[in-house]
Each structure stands twice: as C-alpha cells, then as structure tokens.
Amino acid sequence: IFFFFHFVFVFFFFNDTATTEIYTLSLHDALPIYQYIGDVTTEIQNVLLKAQIKDFSVKGRTKHIYSIYRKMDRKKVDLKQIYDVSAIRIFVPTITDCYTALSHVHEAWQYIPEEFDDYIASPKPNGYSSIHTAVYGPNNCVVEIQIRTNDMHRQAELGVAAHWVYKEGKQEAN
C-alpha cells in the first residue's frame, strides 16, 4: 500500500525522469536499503566499541522520496549524485568523541572528499553543528554519516537550527 500511494503521488504530481528514477529505487530497493542501514549501523557500533568510545548511539534513516526529488531538482543532478539517500547518525558525549568517531569511520571506509563538511569547526549561521561525511561503506555502497554530540542533536531538532526551520526556508527563527 505504501508504494501504491507513493506511485500515485509521484505519477500525478511529478511525471518526469527524476521521479521515475526515485520510484524505481523505492519499489525495488526499499527492503535492501533498510537491511543495508541495519548492517552499517551494526558495523559502526563495532567500530566505535573497538575505539573505546563510551555512551554513544547510532541510528539510521532513509531519505523520504519527496525529499530526494526536491534535492535532485534543486541541484539539477541525477539520483547517483545524491549521497544521503541512506544515512547514519552517530551521537557521542563530547566534541572530542566526534572527531575520534570520524577518524575511525574514515579508517574503516574510504570517504568521499567532496562530501565532507565540518559544521563543528565552522557552524552554519543558524548555529547548526555536526560533522557530515559520505563513505563507500560495506559492499562499496555510498552512505552518509553525521556525527554530533547529544547537545548538538537537541539543538538541531528543537533549537534555532531545527530542520523544520531550515526546510521552511526561514533565515531566522523568532
């Protein structure tokens, strides 16, 4: 049923090549993507345990079909150039732990240099802080990894840097 509603939405509102690519991805790859995220999450947990990082958590997610479409349209790129279709978030207690986790992730998998952003060293104007990197993970599949402290995550979800404020296109939150 989920895919049927996505198909109807996509077909009637966005009948173009990008939409066809996205729909094909969702229809044929949804379960493998969820399995892949689970596998990567487990591997990252093992990497962080081996690095002796304490009190971390790892969560995975897939980007919503409409968000993929909007990003492809905004950047004028095809699906192969969207590196955050699947993403992993790593939450750690301290900024030092963020960089330690980053070094171990990059040691485990080859990173994509043009897909690395350090918003801890250079926060966004709205205060958003996190490290974003994309790596060729297991099976050489690209996965985005975001690394932040729990406080950074609370600020990103609830504070001025909240995602909903960003998505609304507002410059400031009052």
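Residues numbered from 1 in each chain as written. Predicted model: local features only at pLDDT ≥ 70, side-chain atom pairs only at ≥ 80, totals over all residues. Heavy atoms only, no water.

(A) Quick peek at the packing of aromatic side chains. Tallied over the entire structure, the rule returns two aromatic pairs. Here tyrosine 111 and phenylalanine 116 contribute two aromatic rings whose centre-to-centre distance is 6.4 Å and whose plane-to-plane angle is 70°, an arrangement assigned as edge-to-face. The exposure class assigned to tyrosine 111 is partly exposed, which follows from its relative accessible area of 35%. Judged by centre distance (5.8 Å) and plane angle (65°), the rings of tyrosine 119 and tyrosine 128 are edge-to-face. Tyrosine 128 shares its class with tyrosine 119; the two are buried. Over the face of the ring belonging to tyrosine 119 we find lysine 124, whose NZ or CZ atom lies 4.9 Å from the ring centre. (Phe/Tyr/Trp six-rings, centres within 6.5 Å; stacked < 30°, edge-to-face > 60°. Buried < 20%, exposed > 50% of the residue type's maximum accessible area, 1.4 Å probe, protein only. Lys NZ or Arg CZ within 6 Å of the ring centre and 35° of its normal.)

(B) Expanded view of helix 4 (residues 95-108). In this model, helix 4 (14 residues) spans 20 Å end to end at C-alpha, consistent with the 20 Å of a helix rising 1.5 Å per residue. Those residues of helix 4 not exposed but buried are Asp97, Cys98, Ala101, Leu102 and Val105. Buried residues in helix 4, looked at end-on, bunch into an arc of 140°, giving them a common side. Relative to its buried face, helix 4 has exposed residues pointing more than 90 degrees away, namely Thr96 and Glu107. (Helix = DSSP H or I, 4+ residues; strand = E, 2+ residues; numbered from the N terminus. Expected span 1.5 Å × (residues − 1). Arc of directions from axis to C-beta.)

(C) Structural context of the pattern of salt bridges. A full pass over the atoms with the stated rule returns four salt bridges. The salt bridge involving arginine 61 is made with glutamate 144; its shortest N-O contact spans 3.8 Å. Of the two residues, arginine 61 sits in strand 1 (residues 57-62) while glutamate 144 sits in strand 6 (residues 142-149), which places them 83 residues apart along the sequence. Close ionic contact of aspartate 73 with lysine 76 constitutes a salt bridge, the shortest N to O distance being 3.5 Å. Using a relative accessible area of 41% as the deciding quantity, one classes aspartate 73 as partly exposed. (Salt bridge = Lys/Arg side-chain N within 4 Å of Asp/Glu carboxyl O.)

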